[in-house]
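For reference, the chains in residue letters:
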Amino acid sequence: MDDPEMVERLGEGAYGYFAGGAGDEITLRDNEASWSRLALLPQVLVDVGARDLSVPLLGSDLPHPIIVAPMAYQKHVHDDGEAALARAAAATDSTFVLSSQTTTSPPDVAAAVPDARQWFQLYVFKDRQVSLDLVAQAREHGYQSLVITVDFPVAGWRERDMRSGFQVEHPLAINPGGEPLTTEELFAFHDPTLDWDDIAEFADTAGMPLLLKGILSPEDAQRAASAGAAGIVVSNHGGRQLDTVLSGADALPPIVDAVDGRIDLLVDGGIRRGWDVAKALALGADAVLVGRPLLWGLARDGQAGAEAVLRQLLDEFDSTLALLGCPRARDLDASYVTAAPWT
Ligand SMILES: Cc1cc2nc3c(=O)[nH]c(=O)nc-3n(C[C@H](O)[C@H](O)[C@H](O)COP(=O)(O)O)c2cc1C
């Protein structure tokens, strides 16, 4: 359901761009609904006096499993844009993923929060050298992982944007064409010929762990592992690309079986509550990405607004661990979830 406060704040066109999804928005709605189709199954009389939210990921420990999803055009949401969201992430010990459709340059975001845990998300452009230069720049400025988004060979069928004709006013900091670009012009730079051989090359040359974002099929998850990815994000791009695809929650279990621990698994789409995070880990995810709620926090009050959203999610997750009788996030497993009887 549309949020009247945000429509008012951002205007109809921008709100449609940030909140909307592809086609009839069936997947967009299902992303949130899918977590509610899982019921939690607490275990009692477990000592939960001390909780440990940390999780292992990419060979080390994250303080907790909540990661800020890469999202485009953050200066359109708030003047402080990506720097504010990156600061909110750092203040809550959350990993921040910078979108390559950023309105603040990767060096400037890195400088805004030195020594923070930051990853760089890349759309591979037709001019391969532009992409390679971006990876080199990210590495140079301390970004620790490369996330290549693979579910965007072309833009999704977004009818809200078609109707509104919405154009982002803020120039992109990364501009493969040299001239200021509209969203549509930028999308035309995406390389629709990208394939698994290209991914293997990025994995070899990135100089940092490679994650592929936007995988829904178990076969692709296995291909990602074979191509040298360190992990994947099971994701439908927040319901913005192909309508009626599976939610992350529903796509995840067969992927967990297929990869059998060979690579790390992250999931996103519709995660709105700390108990959704717990369900994702119980299904076999190692960590989760959260998107739109952070944009709404950013729109409301910049860094403080986004930080408040992250803090609430973390508090909810901590309380869920206590109430589930599972004091260590890394111990969540399938025994804590079951299909909900109310669906
Ligand atoms: C406004 C907006 C812009 C996005 N831009 C990007 C992007 O630039 N790169 C990318 O990989 N994903 C992008 N995404 C997808 C998110 O990274 C993430 O997969 C999705 O938002 C998660 O779903 P949620 O918003 O329901 O939490 C975007 C999502 C939104 C809502």
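Remember, it's a predicted structure, so these values are computed and weren't measured experimentally.

(A) View of the overall build of the chain. The helix and strand inventory of the chain stands at 13 helices and twelve strands. Taken over the C-alpha trace, the chain has a radius of gyration of 19 Å; the compact-globule value for 343 residues is 20 Å, and the two agree within 12%. With respect to the principal axes defined by its C-alpha atoms, the chain has extents near 65 × 45 × 40 Å. Within the span of the chain, comprising 343 residues, buried residues form 51% of the whole. Taking all contacts inside the chain whose residues are at least 6 apart in sequence as the whole, residues at least 24 apart take part in 72%.

(B) Looking closely at helix 4 (residues 81-91). With respect to burial, helix 4 is a largely interior element, ten of its eleven residues being buried. Trailing helix 4 by a residue or two, aspartate 93 shows a phi angle of about 60 degrees, which is positive.

(C) Up close: helix 6 (residues 128-140). With 13 residues, helix 6 extends 18 Å from end C-alpha to end C-alpha; this agrees with the ideal 18 Å at 1.5 Å per step. Looking one or two residues beyond helix 6, the residue adopting positive phi is glycine 142, at roughly 90 degrees.

(D) Molecular detail of the nonpolar core. Counting residues in hydrophobic clusters, the biggest one holds 107 residues, and the most contacted among them are Ile232, Val234 and Val288. Among the elements that take part in this core, helix 13 (residues 292-324) stands out by supplying twelve residues, more than any other. Discounting residues that sit within four places of it in the chain, valine 234 has contacts with Ile215, Leu216, Gly248, Ala251, Leu252, Ile255, Leu265, Leu266 and Val267.

(E) The arrangement of the packing of helix 12 (residues 274-283) against helix 13 in detail. The contact between helix 12 and helix 13 brings their axes to 7 Å, and the two run at 60 degrees. Comparing their axes, helix 13 and helix 12 come out oblique. The crossing of helix 12 and helix 13 is right-handed. Residues Gly274, Trp275, Val277 and Ala278 of helix 12 pack against Leu313, Asp315, Glu316, Phe317, Ser319, Thr320, Leu321 and Leu324 of helix 13. Taken together, the residues that form the contact of helix 12 with helix 13 break down as seven nonpolar, three polar and two charged.

(F) Main features of the pairing of strand 5 (residues 95-98). Covered by surrounding structure in strand 5 are Thr95 and Val97 together with Phe96 and Leu98, the residues of both alternating faces. Taken together, the two bridges between strand 4 (residues 66-68) and strand 5 define a ladder with parallel strand orientation. Within strand 5, the residue paired with isoleucine 67 across the bridge is threonine 95. This β-α-β element, strand 4 to helix 4 to strand 5, shows right-handed connectivity.

(G) Highlighting unusual backbone geometry. Even without being glycine, glutamate 25 reaches a positive phi, approximately 60 degrees. Along the chain, the position of glutamate 25 falls in the loop between helix 2 (12-19) and helix 3 (26-36). With 18 C-beta atoms counted inside 10 Å, the residue glutamate 25 sits in the partly exposed group. The backbone of aspartate 115 shows a phi angle near 65 degrees, a positive value even though the residue is not glycine. Along the chain, aspartate 115 falls in the loop between helix 5 (106-112) and strand 6 (118-122).

(H) Layout of the pairing of strand 10 (residues 264-268). By the criterion of burial, strand 10 is predominantly enclosed, with five of the five residues buried. A two-sided burial pattern is seen for strand 10, the buried positions comprising Asp264, Leu266 and Asp268 on one face and Leu265 and Val267 on the other. Examined bridge by bridge, strand 9 (residues 231-234) and strand 10 share four bridges and lie parallel to one another. Across the sheet, the residue bridging to valine 234 is valine 267, located in strand 10. In this fold, strand 9 hands off to helix 11 (residues 248-259), which returns the chain to strand 10; that crossover is right-handed. Sheet analysis places strand 10 next to strand 11 (residues 287-290), joined by three bridges and oriented parallel. Residue pairing for strand 11: leucine 266 is matched across the bridge by alanine 287. Crossover strand 10 to strand 11 through helix 12 is right-handed.

(I) Quick peek at the sheet that holds strand 9. The strand order around the closed barrel built from eight strands is 4-5-6-7-8-9-10-11, with neighbouring strands paired in parallel fashion. Averaged over all pairs of adjacent strands, the angle between strand axes in this sheet comes to 30 degrees, irrespective of strand direction. Two elements, strand 7 (residues 146-149) and strand 8 (residues 210-215), share four bridges in a ladder whose sense is parallel. Bridging from a neighbouring strand, threonine 149 pairs with lysine 213 of strand 8.

(J) Fine view of the packing of helix 10 (residues 218-226) against helix 11. Packing of helix 10 against helix 11 brings their axes to within 8 Å, and their N-to-C directions diverge by 40 degrees. The angle between helix 10 and helix 11 places the two elements in the oblique class. Where helix 10 crosses over helix 11, the handedness of that crossing is right-handed. On helix 11, the residues touching Pro218, Ala221, Gln222 and Ala225 of helix 10 are Pro254, Ile255, Ala258 and Val259.

Reading guide: rules and limits
Residues numbered from 1 in each chain as written. Predicted model: local features only at pLDDT ≥ 70, side-chain atom pairs only at ≥ 80, totals over all residues. Helix = DSSP H or I, 4+ residues; strand = E, 2+ residues; numbered from the N terminus. Rg over C-alpha atoms; globule rule 2.2 N^0.38 Å. Buried ≥ 20, exposed ≤ 12 C-beta atoms within 10 Å, placed from the backbone. Contact = placed C-beta atoms within 7 Å. Expected span 1.5 Å × (residues − 1). Core = buried A, V, L, I, M, F, W, Y, C linked by C-beta atoms within 7 Å. Axes fitted to C-alpha atoms, helices over the stretch in contact; angles between N-to-C directions. Parallel < 35°, antiparallel > 145°, perpendicular 65-115°, else oblique. Left-handed = near helix turned anticlockwise from the far one by under 90°. Nonpolar A, V, L, I, M, F, W, Y, C, P; charged D, E, K, R; others polar. Pairing = 2+ DSSP bridges. Right-handed = clockwise from strand over helix to strand, strands pointing away.

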